[in-house]
Every structure is written in C-alpha cells, then in structure tokens.
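# Commentary on secondary and tertiary structure
As a plain string of letters, each chain reads:
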Amino acid sequence: MDSKQDIRALNKEQLRDFFVLKKDKAFRGNQVYEWLWSKGAHDFEAMTNLSKEIRKMLNDNFVINHIEVDDMQQSSDGTIKNAIKLHDNLVVESVLIPAKNRTTACVSSQVGCSLNCTFCATARLKKMRNLNPDEIYDQVVAIDKQSRLYQNHKLSNIVFMGMGEPLLNYNNVLKAIDKITSDEGLSMSPRRITLSTVGLPKMIKKLADDEVKFNLAVSLHSAIDEIRSKMMPINETSNLSDLLDSLQYWYSKTKSRVTFEYVVWKGINDKKKDIEALVQFCKKIPSKVNLIEYNSIEEDGFQQADAKAIDYYVRELERNNIIVNVRRSRGKDIDAACGQLANKKG
Ligand code: SF4
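Close to the ligand lie Cys113, Leu115, Asn116, Cys117, Cys120, Thr122, Ala123, Gly164 and Val198. Across the shell around the ligand, the residue classes tally to 6 nonpolar, 3 polar and no charged.

So, on to the layout of surface pockets. The computed volume of the second largest pocket comes to approximately 330 Å³. Lining the second largest pocket we find 18 residues, and of these His42, Asp138, Val141, Ala142 and Lys145 sit closest to its centre. Breaking the lining of the second largest pocket down by element, the ones donating at least two residues are helix 2 (27-37), strand 3 (68-74) and helix 4 (133-150). Looking at the lining of the second largest pocket, its residues break down into 8 nonpolar, 4 polar and 6 charged.

The next subject is the packing of aromatic side chains. Scanning the model with the defined rule gives 11 aromatic pairs in all. Each ring, one from phenylalanine 18 and one from phenylalanine 62, has its centre 5.0 Å from the other, and the planes form 65 degrees; the classification is edge-to-face. In this pair, phenylalanine 18 sits in helix 1 (residues 12-21) while phenylalanine 62 sits in strand 2 (residues 62-63), placing the two residues 44 residues apart along the sequence. The exposure class of phenylalanine 62 is buried, given its relative accessible area of 3%. Taking the centre distance of 5.2 Å and the plane angle of 55 degrees together, the rings of tyrosine 262 and tyrosine 313 count as tilted.

With that settled, consider empty space enclosed by the protein. In this structure the tally under the stated criterion is 4 cavities of 30 Å³ or more. Space inside the second largest cavity adds up to approximately 40 Å³. As for the second largest cavity, its lining consists of Leu291, Ile292, Glu293, Gln304, Ile310, Val326 and Arg328. Grouping the amino acids of the lining of the second largest cavity by side-chain chemistry returns 4 nonpolar, 1 polar and 2 charged.

Before going further, it helps to examine a positive patch on the surface. Where like charges cluster on the molecular surface, the positive patch consists of Arg102, Lys154, Arg192 and Arg327. Checked against the element boundaries, lysine 154 lands in the loop between helix 4 and strand 9 (157-160). Among the residues examined, lysine 154 registers a relative accessible area of 54% and is labelled exposed.

What follows deals with the nonpolar core. Ranked by size, the top nonpolar core spans 100 residues in total, and within it Met47, Leu58, Phe260 and Val289 carry the most contacts. Discounting residues that sit within four places of it in the chain, valine 289 has contacts with Phe260, Tyr262, Leu278, Cys282, Leu317, Ile322, Ile323, Val324 and Asn325.

The next thing to look at is helix 8 (residues 240-254). Residues spaced three or four apart along an α-helix point in a common direction, a consequence of the helix completing one turn every 3.6 residues. The end-to-end C-alpha separation of helix 8 is 20 Å, in line with the 21 Å expected for 15 residues at 1.5 Å each. Every buried residue of helix 8 is listed here: Leu240, Leu243, Leu244, Ser246, Leu247 and Trp250. All buried residues of helix 8 project into a common sector of 165 degrees when viewed along the axis, lining one side. Its side-chain oxygen placed 3.2 Å from the backbone nitrogen of serine 241, asparagine 239 serves as the N-cap of helix 8. Lysine 255 sits one or two positions beyond helix 8 and adopts a positive phi of about 55 degrees.

What follows covers the pattern of salt bridges. Counted by the stated rule, this structure contains 18 salt bridges. Note that arginine 148 is salt-bridged to aspartate 144, the shortest N-O span being 3.2 Å. Of the two residues, arginine 148 and aspartate 144 are both situated in helix 4; the distance of 4 residues between them amounts to about one turn of the helix. Of the residues examined, arginine 148 reaches a relative accessible area of 47% and is grouped as partly exposed. According to the relative accessible area criterion, aspartate 144 is buried, its value standing at 12%. Linked through salt bridges whose partners overlap, the residues forming this network are Arg8, Asp134 and Asp138.

Turning to a nonpolar patch on the surface, a few remarks are in order. Side chains of Val69, Met72, Leu149 and Tyr150 sit close together on the surface and give an oily, nonpolar patch of about 350 Å² of accessible area. Contributions of two or more residues to the nonpolar patch are made by strand 3 and helix 4. Of note, leucine 149 is situated in helix 4.

Each value, and the rule that gives it
- Residue numbers restart at each chain and count upward from 1, following the sequence in its written direction.
- This being a predicted model, a pLDDT of at least 70 is required before a residue's local features are given, and a value of 80 or more before pairs of side-chain atoms are given or counted; all residues contribute to the totals for chains, interfaces and linings.
- Side-chain calculation: all heavy atoms of the structure are included, whereas hydrogens and water are not.
- It suffices for a single heavy atom of a residue to lie within 4 Å of a molecule or strand for the residue to be listed as near it.
- Note on residue categories: nonpolar means Ala, Val, Leu, Ile, Met, Phe, Trp, Tyr, Cys or Pro, charged means Asp, Glu, Lys or Arg, and polar means any other residue, Gly included.
- Only protein atoms enter the 1 Å grid used here, on which a cavity is any set of points holding a 1.4 Å probe that cannot leave and a pocket is any open set flanked by protein within 12 Å on both sides along at least five of seven lines; residues with an atom within 4 Å of a point are listed as lining.
- Grid points are joined across faces, edges and corners, and a volume is the space filled by probe spheres set on the points.
- Helix numbering and strand numbering both begin at the N terminus, where a helix is a DSSP run of H or I of at least 4 residues and a strand a DSSP run of E of at least 2.
- Ring pairs shown here join Phe, Tyr and Trp side chains whose ring centres sit within 6.5 Å, with only the six-membered ring taken for Trp; geometry is labelled stacked below 30 degrees between planes, edge-to-face above 60, and tilted in between.
- When accessible area is computed with a 1.4 Å probe and restricted to protein chains, residues below 20% of their type maximum are described as buried, those above 50% as exposed, and intermediate ones as partly exposed.
- For patch building, the residue pool is restricted to those with more than 30% relative accessible area and no salt bridge; the joining distance is 9 Å between like charges and 5 Å between nonpolar side chains (Val, Leu, Ile, Met, Phe, Trp, Tyr).
- Surface accessibility in these figures is a Shrake-Rupley result with a 1.4 Å probe; residues are shielded only by whichever protein chains are displayed.
- What counts as a salt bridge is simple: a side-chain nitrogen of Lys or Arg found within 4 Å of a carboxyl oxygen of Asp or Glu.
- Two residue types count as positive, namely Lys and Arg, and two as negative, namely Asp and Glu; His and chain ends fall outside the count.
- Think of each charge as sitting on NZ of Lys, CZ of Arg, CG of Asp or CD of Glu.
- Among buried residues, the Ala, Val, Leu, Ile, Met, Phe, Trp, Tyr and Cys ones that are joined through side-chain atoms within 4.5 Å form a nonpolar core.
- Any pair of residues with heavy atoms lying within 4.5 Å of one another is described as a contacting pair.
- Between the first and last residue of a helix there are one fewer steps than residues, each counted as 1.5 Å, and that sum is the expected span.
- This arc is taken over the directions from the axis of the helix to the C-beta atoms.
- For the purposes of these results, a polar contact is taken to be a pair of N or O atoms within 3.5 Å, where, inside protein, one atom must be able to donate a hydrogen and its partner to accept one; residues adjacent in sequence count only when each atom of the pair is a side-chain atom.

As structure tokens, this is what we get:
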C-alpha cells in the first residue's frame, strides 16, 4: 500500500499552500489543479508546463489515485456497463445510457449499499465504503469519453442511480457535483444532474438548506407505509409522512419539482388502492412520476406487473394532472438496468 497522500484530496487552496511551503510560487498550485481536474492527468509526468524537478517533487510527496475501467460490456441497445476498479481494487459499476442526441451517465456513490431494499441486486453486496469525490468525478469523465467515442457527442446528463445511497455519502457527492459543474471541471449544468435517493428526510432538508441546484428523484415504489416498508426497510424509520414533510420543505426552498421513481410489481402494488394512494401522495407535492420497467434479479420473486396495471396507473395519474412517464429499461441483456448493478461480469 502506498503511504503517500492522494493529491486529489487537496483543494486548490491547499495545493497553493503546498507550493508556498516548498518556497515556490502559489500559482503552481493552480497549474497542478488544472492538470488534475480539467485535463484529467493520471501521472505527474504529463504535467508538461512544470519543470522536471517539480514533477519529481510531486511524485515524491503524492500519488494520483484514479479509477480504471476494468471491464466494459456493450448491450445491443448501445448501453454500456463499466466495471470500475478503484485504487484499492474494490469494484463499482457505472452505466452509459444512450438516447437520440443524448447520453446519460448513471454513476455509483458507494461500494455496495447498506439499505437492503429487497428488490435490489446492489443490496446483496453490503456497503464496503463511500466513494471519494474524485472516484465519482472519474466515472463521469470515463463515460463522457465513451459517449464521444461511441455516440459522437459529449455526455449530456448524469443520474446518481448506480450503486449506493448518495445521501449517505453526502459531502463527497456534493464535492463531486461541484467539480462536475465548475469551470475547472466539466462545466456541466446542475440542471442536467439528478440525485436519486430512497428518501432520507433529514438529508433532503439539508440539500434544500444547502440550496443545491440539481434535480431530486425519490425511489417511492409505494405510497402506503406497510407496503413500502416491506420493500424498503428504511421506510420503517423514515416513513411516508416524514418523507412528504421533507419534500415539501425541499420544494418551498428550491421550487424544483421532485421526481418519483416507481416500479409496479405484480401482486405488490398493482391494485386500485395503490394507485389511489400514489395519486393522493403526488397531489401534496409538485411532482412527476417515472414508472420504471422492472428487471427481475435471480430468484428474487418480484415480477413486473401486467401492462394493464401500468396503463391504469398512467390513466389515473394523467386524469389527476400529474405528469407521468413510462421508462423502458435499457441494457437488460448485460444486467445494467435499474436495480441490477451487482458486479456481475457477462
Ligand atoms: S435500491 Fe439503492 S438504496 Fe436501495 S439497496 Fe439498492 S442501491 Fe441501496
């Protein structure tokens, strides 16, 4: 194990201070920062506007931890699933989802997950650690490169819907988004970024207080506590009433409509009472609903509901003036669809 510090854990000020301490000019810190973030350098030798002595001095003091795309699987629909190897050999997954004139990166925020949603493949991995800001940022850079290569345009959208619960890695996720949106990083608009959460009320309020500019999505899956708790154990401690309260707070501060991610499962939430509960819940908060096609994971016992039930949801939501989209799942043949990320090679 290399005991040198990861240079990307330092912010620009700290880098400037480092050079001052070494009796050099503070602006060298800016140059190094630009190499690390805008130019994505993985090696001090690449920093050609620095002298050999400075590059060696950096090399003596720091490492540049970076991710590697260890395995890449391409689906017949153009979706790409990446197995991303981290500096400590742990693996997470990230997915490129192509659409006409648009590419979305689905990125991970933790290695594994602690929340045990019963329908989710990632939950089986258990949480091993949080990702650092640079590890999140690097996934986006890797998918941007793939988008330019395979789709002929740059990455346009990002969703935090890969492995892990982003709000349980709050500081690092926000730092990564800062980098992604800053001019020294990728200059992406926060409006093109969506953070998807199981719905942790305290953290949703914190997002609102921190005046974030990105979009918020909540995996809802049921607007009935008893049913939601069965699928998402987190609902036992943070129930729908707490969730709603936090979302109302979010909206009052941000004026940004929340998206509910919702899968309709056969025999679980495909009845009239489920639809009515969802409609009533949505009426209490400016929102829209994404009905997501479900991809069953081996032996999990969950099955997607019949088309009839999904049509019924769409009809009732629209009748109540609630925006609803039906999202077809992508990359099913390579286990890259929602809820399928579990470090399984093809
Ligand atoms: S659905 Fe999300 S929060 Fe739930 S276990 Fe899977 S990765 Fe974790």
